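Structural overview
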Amino acid sequence: MEYQNSKIPEGINVSSEHPLKNFIYLLLGVSGAIIAVLLVLFYTIGFIAKWVPFEAEVKWAESISASFNESGDDTQNGLLDALGLPTTDKNLDGLDEQYTLRVQKITLYLQDLANKLALAQELPEPITITVHYIDQPLVNAFATLGGHVFIYQGLIDAVESENGLAMVIAHEIAHVKNRHPIVALSRGLGLGVILSLVTGVGGDSLSTSLAGHVNLLTSLAFSRGQETESDIEAYNTLLKYYGHGLGATELFSQLVKAGQETSLPEILNSHPLSQKRIERLEKLGQSTITDCSYASFNCSLTPLPEFLLND
Amino acid sequence: MYDLIILFVLLSLGYVFGQIAEKRHFRSIIKRESEYQSILTFAKRFPLNNDGEQRAELVGGNVVISVDYFKRFVAALRNLVGGRVTAYESLLERARREALLRMKAEARKKGLNTIVNVKLETASITKGNKNQVGAVEVYAYGTGLLSNH
Amino acid sequence: MIVTNIEIVPGRQVVKHLGMVQGNTVRSKHVGRDLMAGFKNIFGGELVGYTELLTESREEAVDRMKQQAEAIGANAILNVRFSTSSVAAGAAELFAYGTAVVLE
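Residues numbered from 1 in each chain as written. Chains lettered and ligands numbered in written order. Predicted model: local features only at pLDDT ≥ 70, side-chain atom pairs only at ≥ 80, totals over all residues.

Quick look at the overall build of chain A
Within chain A, the regular secondary structure consists of 12 helices and 3 strands. Relative to its 311 residues, chain A shows a buried fraction of 29%. The long-range share in chain A, meaning contacts at least 24 apart out of those at least 6 apart in sequence, stands at 69%. (Helix = DSSP H or I, 4+ residues; strand = E, 2+ residues; numbered from the N terminus. Buried ≥ 20, exposed ≤ 12 C-beta atoms within 10 Å, placed from the backbone. Contact = placed C-beta atoms within 7 Å.)

Structure (structure tokens):
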């Protein structure tokens, strides 16, 4: 019997593939797959969320607002809280009567204008708009879950005519009409769940991300596509309501003039640049009848009512 | 952003030092393997020949080798996709051959020239612990004989 | 005491089987070593501290096994096997077992 140990050639148990090459393939493959899944999810959720009944959206908004507001009966402050925005003082006792009356009057006027614009925009049956007037100098207006539209005094000061204000309100109504708030929120929620799954931390963080879904409201932002869609819809509403598109670019011009683009609150920052929006609307104006010589009725800017102007 | 920079630094540190260490280790393994070529190792259960009395002693060698950051990252990525984890192949190969070499070294020190019934045991020190050190331990053992084959 | 992991000792006869003997030890690494090992984990390479620790622990397990064998009057342990398991985070159990016999 003969015994010996022969030398075994190298590289049989070890892959000769370069580790960096392997790494790059893996990195590209995995990130590509994740992005693909997220994109599919993004569009699927966007599609599905539009079919959620508006009543359910209203209930969702109420439950979110209730979770931020102990008494649960103040939807306005509950939503502001959920969005991380300063709330308003609703304690009527501490405020003088005249001021309270003024806020009520302005809210009524804005609600009335919104209702008229909603009619012009042919808002489908179950959807309703609830306008909230916030007496704060912030140049801001936004729409959120449940058809709640918030208008700030700062914005009213920034526009020069009712047409300019109507453009903004119509824009927010268009968001609600196209279900943008619920689409954005569902997307944020869906992507959050998937991302926490992928990062692998699993059970624990998944449940916390679900529990903390309300905080997603803070990051609720519409895409530029949605903003453009709403701009066009709002412009068409303006044409229908006033018979002309004058004043549509009022707010944007004001923003460009003030150079406020970057100091805007986050919610407005996801909007396309004001200059671009003006150009787009002007282009739109050329293809429709804005020339007042064709108009058979009053073709001029409607002034804002006196009581709207601060001081 | 800072997380990304830290990740990148750790990855490149792991890659550079890990690769250097691995290449050096393989060179040393190959060199020592030819040195210990004269000590025969077999996985069979009985001595080579059973005539006459022979010295018999248990010999063994072990090594713990840690995974570098780069390899662990690549393996984690691979875990999502599935398939051959090439990053760990060379690690285990190194550990096994090193353990066998240390076993042979012990046999030589004891004046033995054959090792039969060689067994290898692999254990990962940090089984199931997420935030623990990732390392692999290999222990090789067998019966060293002074055989006149 | 002759210890082998084969079933015979070449050239010697087993006259008496005394059954199984075993030795084990549970060791844990101390914090300083863990820190160093964690640091080494970035760069890769051998964890010398752990290697030494495990070698010592195995020796201890074998020693205890030998003590058991001596106590029952054996002079050799055949067919020795080793086994490792993690008992808790950071602690490892090392276990050696074999058959105690009396050689002529």
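Once the structure has been displayed, the description carries forward.
Points about the overall build of chain C
Across its full length, chain C carries 2 helices and 5 strands. Mapped from its N terminus to its C terminus, chain C presents α and β elements in the order β-β-α-β-α-β-β. By the burial criterion, 35% of the 104 residues in chain C qualify as buried. The long-range fraction of contacts in chain C, counting pairs at least 24 apart against all pairs at least 6 apart in sequence, stands at 76%.

Re the interface of chain B and chain C
Opposite the 43 residues of chain B that make contact, chain C presents 32 residues. No other element matches the 8 residues that strand β2 (residues 56-66) of chain B contributes to the side of chain B that touches chain C. Residue classes in the side of chain B that touches chain C are distributed as 21 nonpolar, 13 polar and 9 charged. Pairing analysis gives 2 bridges linking β2 of chain B to strand β3 (residues 45-46) of chain C, with the strands arranged antiparallel. Residue pairing across strands places Ile65 of chain B opposite Glu46 of chain C, the latter belonging to β3 of chain C. (Nonpolar A, V, L, I, M, F, W, Y, C, P; charged D, E, K, R; others polar. Pairing = 2+ DSSP bridges.)

Some points on the interface of chain B and chain A
On the chain A side, the residues contacting the 15 residues of chain B number 13 residues. Residue assignment for the side of chain B that touches chain A shows that the elements contributing at least two residues are β1 (40-41), α2 (69-81) and α3 (86-109) of chain B. Class assignment of the residues belonging to the side of chain B that touches chain A gives a composition of 7 nonpolar, 5 polar and 3 charged.

Let's talk about the pairing of strand β2 (residues 141-144) of chain A
Residue and element names in this part refer to chain A. Here β2 shows two buried faces, one formed by Ala141 and Ala143 and the other by Phe142 and Thr144. Pairing analysis gives 4 bridges linking β2 to strand β3 (residues 148-152), with the strands arranged antiparallel. Bridging from a neighbouring strand, Phe142 pairs with Phe150 of β3.

Details of the sheet that holds β3 of chain A
Residue and element names in this part refer to chain A. With mixed pairing, the 3 strands of this open sheet are ordered in space as β1-β3-β2. Strands at the two margins of the open sheet, each flanked by one partner only, are β1 (130-134) and β2. Sheet twist, expressed as the average angle between the axes of neighbouring strands with direction ignored, equals 20 degrees. (Axes fitted to C-alpha atoms, helices over the stretch in contact; angles between N-to-C directions.)

Regarding the nonpolar core
One finds Ala99 and Met103 of chain B together with Ile77 of chain C to be the most contacted residues of the largest nonpolar core, which totals 49 residues. Mapped by element, the contributors of at least two residues to this core are β2, α3, β3 (114-124) and β4 (135-145) of chain B together with α2 (48-71), β4 (76-88) and β5 (91-103) of chain C. Apart from residues lying up to four places away in sequence, Ala99 of chain B is in contact with Gly61, Asn62, Val63, Val138, Tyr139 and Ala140 of chain B. In terms of nonpolar packing, the next biggest core, distinct from the first, is built from 37 residues, Val131, Ile134, Phe150 and Leu155 of chain A among them. (Core = buried A, V, L, I, M, F, W, Y, C linked by C-beta atoms within 7 Å.)

As for unusual backbone geometry
Despite not being glycine, Glu122 of chain A has its phi angle at roughly 55 degrees, a positive value. Positionally, Glu122 of chain A belongs in the loop between α4 (97-120) and β1. Residue Asn79 of chain C is not a glycine yet carries a positive backbone phi of 55 degrees. One can find Asn79 of chain C in strand β4.

A short note on α2 of chain C
Residues and elements named next belong to chain C. For α2, spanning 24 residues, the distance from its first C-alpha to its last is 35 Å, which sits close to the expected 34 Å at 1.5 Å a residue. Among the residues of α2, Tyr50, Thr51, Leu54, Arg58, Ala61, Val62, Met65 and Ala69 are the ones counted as buried. Directly after α2, the chain includes Gly73, whose backbone phi takes a positive value near 85 degrees. (Expected span 1.5 Å × (residues − 1).)

Topic: the environment of Ile173 of chain A
Residues and elements named next belong to chain A. Position of Ile173 relative to the elements: it lies in helix α6 (residues 162-177). Ile173 sits in the buried class, given 28 other C-beta atoms within 10 Å. The sequence separation of Ile173 and Gly147 amounts to 26 residues, and the corresponding C-alpha distance is 7.8 Å. Once residues lying within four places of it in the same chain are set aside, the contact partners of Ile173 are Ala114, Leu117, Ala118, Gln121, Leu123, Ile129 and Val149.

Considering the environment of Ser253 of chain A
Mapped onto the elements, Ser253 of chain A comes out in helix α10 (residues 250-258). As a C-alpha pair, Ser253 of chain A and Gln275 of chain A span 22 residues in sequence and 7.5 Å in three-dimensional space.

Describing the confidence of the model for chain A
Residue and element names in this part refer to chain A. In this model, chain A carries a mean pLDDT of 77, and residues with pLDDT of at least 70 account for 77%. Every residue in residues 201-207 scores below 50 in pLDDT, and together they form 5 contacts with partners more than four places removed in sequence or on other chains. Low pLDDT, under 50, characterises residues 209-216; the stretch is placed with 11 contacts to residues that sit more than four places away or in other chains. (pLDDT = per-residue confidence, 0-100.)

Thoughts on the packing of α4 of chain A against α6 of chain A
Residue and element names in this part refer to chain A. It is the contact of α4 with α6, at a shortest axis distance of 10 Å, that shows an interaxial angle of 60 degrees. On the basis of the axis angle, α4 is oblique to α6. As for the relative orientation of α4 and α6, their crossing is right-handed in sense. Here Leu113, Ala114, Leu117 and Ala118 of α4 lie close against α6, whose contacting residues are Ala166, Ile169, Ala170 and Ile173. Split into classes, the residues belonging to the contact of α4 with α6 amount to 8 nonpolar, no polar and no charged. (Parallel < 35°, antiparallel > 145°, perpendicular 65-115°, else oblique. Left-handed = near helix turned anticlockwise from the far one by under 90°.)

Quick notes on helix α1 (residues 19-49) of chain A
Spanning 31 residues, α1 of chain A covers 44 Å between terminal C-alpha atoms, matching the ideal 45 Å at 1.5 Å per step. Three or more residues of α1 of chain A are buried, namely Leu26, Ile45 and Ala49 of chain A.

Some words on the packing of helix α2 (residues 54-68) of chain A against helix α3 (residues 75-82) of chain A
Residue and element names in this part refer to chain A. Between α2 and α3, whose axes approach to 8 Å, the crossing angle comes to 80 degrees. In terms of their interaxial angle, α2 and α3 are classed as roughly perpendicular. Residues Ala61, Glu62, Ile64, Ser65, Ala66 and Phe68 of α2 touch α3, and the partners they reach there are Thr75, Gly78, Leu79, Asp81 and Ala82. When its residues are assigned to classes, the contact of α2 with α3 shows 6 nonpolar, 3 polar and 2 charged.

Quick word on the environment of Gly45 of chain C
Structurally, Gly45 of chain C is set in strand β3. The exposure class of Gly45 of chain C is partly exposed, given the 19 C-beta atoms found within 10 Å. Excluding anything up to four places from it in sequence, Gly45 of chain C contacts Ala21 and Ser66 of chain B together with Lys40 of chain C.

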